[in-house]
Amino acid sequence: MPRFAIALASCAALAFSHEITFAQAVEADVPPPSPEVAVQDDSWIDPVADVRYRYEFVDQEDFALDAYASTVRARLGVLAKPLKTLSFYAEGEAILHVGPDKFNDTTNGVIDRPVVTDPEDILLNQLYARFRPHPGASMTAGRQTVNYDNQRWIGSVGWRQNDQTLDAVTGNIENIANTGIFAGYGYAWRVNRVFGPDSAQGFWRDNDIHLVRIGSEVGAIGKVTAYGYWLDLPEAPALSNRTFGVRLAGRQTLGTSPARATYALEFARQTGLEPNPGDASHSYWLMEPGIAFGPASVKLGYERLVGDGQTALQTPLATLHAFNGWADKFLITPPAGLRDLYVDAGYTVPADTGFLSGTGLRFVFHDFRSTEGDLHYGREWDALITRNLYGPVSLTLKFAHYDAIDFASDTTKGWVQLDARF
């Protein structure tokens, strides 16, 4: 409790000054903007901070006791910009439990209740140097969050209290020679996972990870990205793989109507990479057509992660909570593969409509089946309400219910979360 008081007081000492966007809150997995974006002034050194409180409830059928997790995360970072082209960023965080541990955080030994992966810790979250010789070019070296596209393959797991970060060197170039082409490369040797340093699963060390992306904005069609990811993970050999894919995402106006068609199409092929003992090859498919009309949107999704009954396509560095249901039943793709058919609907209450102005609503329904053997895993219903309360303070209410049929167990989860960014 004293550590909680100290961490909270240190962050509360800073005045509220930046407002959280609706997109950050409603997606729940989108990380905050980088310090260079969040800090808009010209001073050479700036503090950056945020505090998040969350209460999480889990009722899982195969546990006699439920999980009740009351946790707070306090972060304080410092951005230094000694030169126009050079910046340094250091960020520490404290993750603390408020009240008794009535949940399994993976390190506290509470094994008779469901898992909530938010262990207590005080750690260095990010520490990097960034060189930006041109507004469209940058190179970053050190411990950093890395988020590519929709984070299906590479992400920082922004929903958990502790980020997933990479010790890496990354570089990006945008709009090469005014052609609209962009390219990026990253090399990482260590993965700092959400389980924290006290967990045996907290780090993957001595990795040989290569991340390559190239793409372009193709007229009115949308953004096309081709990628290749090589993940040599000695401490997780069964997850070591190489993946090549291409993704298209865009939107189109529908004649003179204010409605817009939205779409995402993606295909990838994955094979095992040494030290993976297997050499199976699996495909990934995504089709996500949708329509947006003013503050409302709806999309129909079909995602297919192929398995053969023994092995399946895996995405170990993804922001997994954002995919295949918020109940987190498919963080590892089952050996028989996964087919997720879903409907995702959202609505933002328009401004100037009273107390609910700006409130975001989202509802998602999933139907899960295997790609091998035609197993009907189950169904899931997810719901989200989010709104800015005042200035930088936002409230998130979130719910997930997984109805098991042929996989895992019935699970209900609920969250109440408060965020404040300074």
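Please refer to the structure higher up on the page.
Residues numbered from 1 in each chain as written. Predicted model: local features only at pLDDT ≥ 70, side-chain atom pairs only at ≥ 80, totals over all residues. Heavy atoms only, no water.

(A) How the structure looks around the overall build of the protein chain. The helix and strand inventory of the protein chain stands at three helices and 20 strands. Compactness check: the protein chain gives a C-alpha radius of gyration of 21 Å against a globular reference of 22 Å for 422 residues, within 12% of the reference. Seen through its principal axes, the protein chain has C-alpha atoms that stretch 60 × 60 × 55 Å. Evaluated residue by residue, the protein chain yields a buried proportion of 50% over its 422 residues. Partitioning the intrachain contacts of the protein chain with sequence separation of at least 6 by distance along the chain shows that 58% fall at a separation of at least 24. Accessible surface for the protein chain amounts to roughly 19,000 Å². Of this, 63% is attributable to carbon and sulfur atoms. In the protein chain, which carries 35 positive and 50 negative side-chain charges, the distance between the mean positions of the two groups comes to 4 Å. (Helix = DSSP H or I, 4+ residues; strand = E, 2+ residues; numbered from the N terminus. Rg over C-alpha atoms; globule rule 2.2 N^0.38 Å. Buried < 20%, exposed > 50% of the residue type's maximum accessible area, 1.4 Å probe, protein only. Contact = heavy atoms within 4.5 Å. Areas by Shrake-Rupley, 256 points an atom, 1.4 Å probe, with all protein chains shown as cover. Lys, Arg positive; Asp, Glu negative; His and termini not counted. Charge placed at Lys NZ, Arg CZ, Asp CG, Glu CD.)

(B) Expanded view of the side chain of R387. Its place among the elements puts R387 in strand β18 (residues 376-390). Within polar-contact distance, the side chain of R387 engages the backbone oxygen of F355 at 2.7 Å. In this structure the side chain of R387 is engaged in a polar contact, spanning 2.8 Å, whose partner is the side chain of T359. Look past the residues within four positions of R387 in its chain and what remains in contact with it is F355, L356, S357, T359, S394 and L395. (Polar contact = N/O pair within 3.5 Å; in protein donor to acceptor, adjacent residues only side chain to side chain.)

(C) Representation of the packing of aromatic side chains within the structure. Tallied over the entire structure, the rule returns 17 aromatic pairs. Ring plane angle 45° and centroid distance 4.6 Å describe the contact between F330 and F368, whose orientation is recorded as tilted. Of this pair, F330 sits in the loop between β15 (296-305) and β16 (338-348) while F368 sits in strand β17 (residues 360-369), and the two are 38 residues apart along the sequence. Given the relative accessible area of 4%, F330 is considered buried. Of the residues examined, F368 reaches a relative accessible area of 0% and is grouped as buried. Grouping aromatic residues by their ring pairs yields a cluster made of Y148, W153, Y227, Y229 and Y284. The ring centre of F323 lies 4.5 Å from the NZ or CZ of R152, which sits over that ring. For the cation-ring pair, K398 lies above W326, with the distance from its terminal atom to the ring centre recorded as 4.4 Å. (Phe/Tyr/Trp six-rings, centres within 6.5 Å; stacked < 30°, edge-to-face > 60°. Lys NZ or Arg CZ within 6 Å of the ring centre and 35° of its normal.)

(D) View of the pairing of β16. By the bridge criterion, 10 bridges tie β15 to β16 in an arrangement that is antiparallel. Note on β16: the bridge partner recorded for L300 is V343. Direction of pairing for β16 relative to β17: antiparallel, over a ladder of 10 bridges. Residue Y342 lies in a different strand from β17, and its bridge partner there is H366. (Pairing = 2+ DSSP bridges.)

(E) View of the nonpolar core. Grouped together as the largest cluster of nonpolar side chains are 24 residues, with contacts concentrated most on W153, I154, I209 and L211. Only β6 (165-176), β7 (181-192), β9 (208-218), β10 (222-232), β12 (260-272) and β13 (281-287) provide two or more residues apiece to this core. Looking at which element gives the most residues to this core, the answer is β10, with three residues. Apart from residues lying up to four places away in sequence, W153 is in contact with Y227, Y229, T243, E266, A268, Q270, Y284, L313, Q314, T315, L317 and A318. Listed in part, the 12 residues of the second largest apolar core include A327, L338, F368 and L384. (Core = buried A, V, L, I, M, F, W, Y, C linked by side-chain atoms within 4.5 Å.)

(F) Region of interest: the side chain of S283. Examined against the element boundaries, S283 turns out to sit in strand β13. At 2.2 Å, the side chain of S283 forms a polar contact with the side chain of R269. Other than its neighbours up to four places away in sequence, S283 contacts F267, A268, R269, R304, L305, V306 and L313.

(G) Structural view of the pattern of salt bridges. Inspection of every chain in the model, using the stated rule, returns 21 salt bridges. Across the salt bridge formed by E303 and R152, the nearest N and O atoms sit 2.8 Å from each other. On the criterion of sequence distance, the pair formed by E303 in strand β15 and R152 in the loop between β5 (137-144) and β6 is long-range, its members being 151 residues apart. Its relative accessible area of 3% is what places E303 among the buried residues. R152 sits in the buried class, given a relative accessible area of 1%. Here R379 ties to D367 by a salt bridge, and the two come within 3.6 Å at their closest N and O atoms. You can see R379 sitting in strand β18 and its partner D367 sitting in strand β17, a full 12 residues away along the chain. (Salt bridge = Lys/Arg side-chain N within 4 Å of Asp/Glu carboxyl O.)

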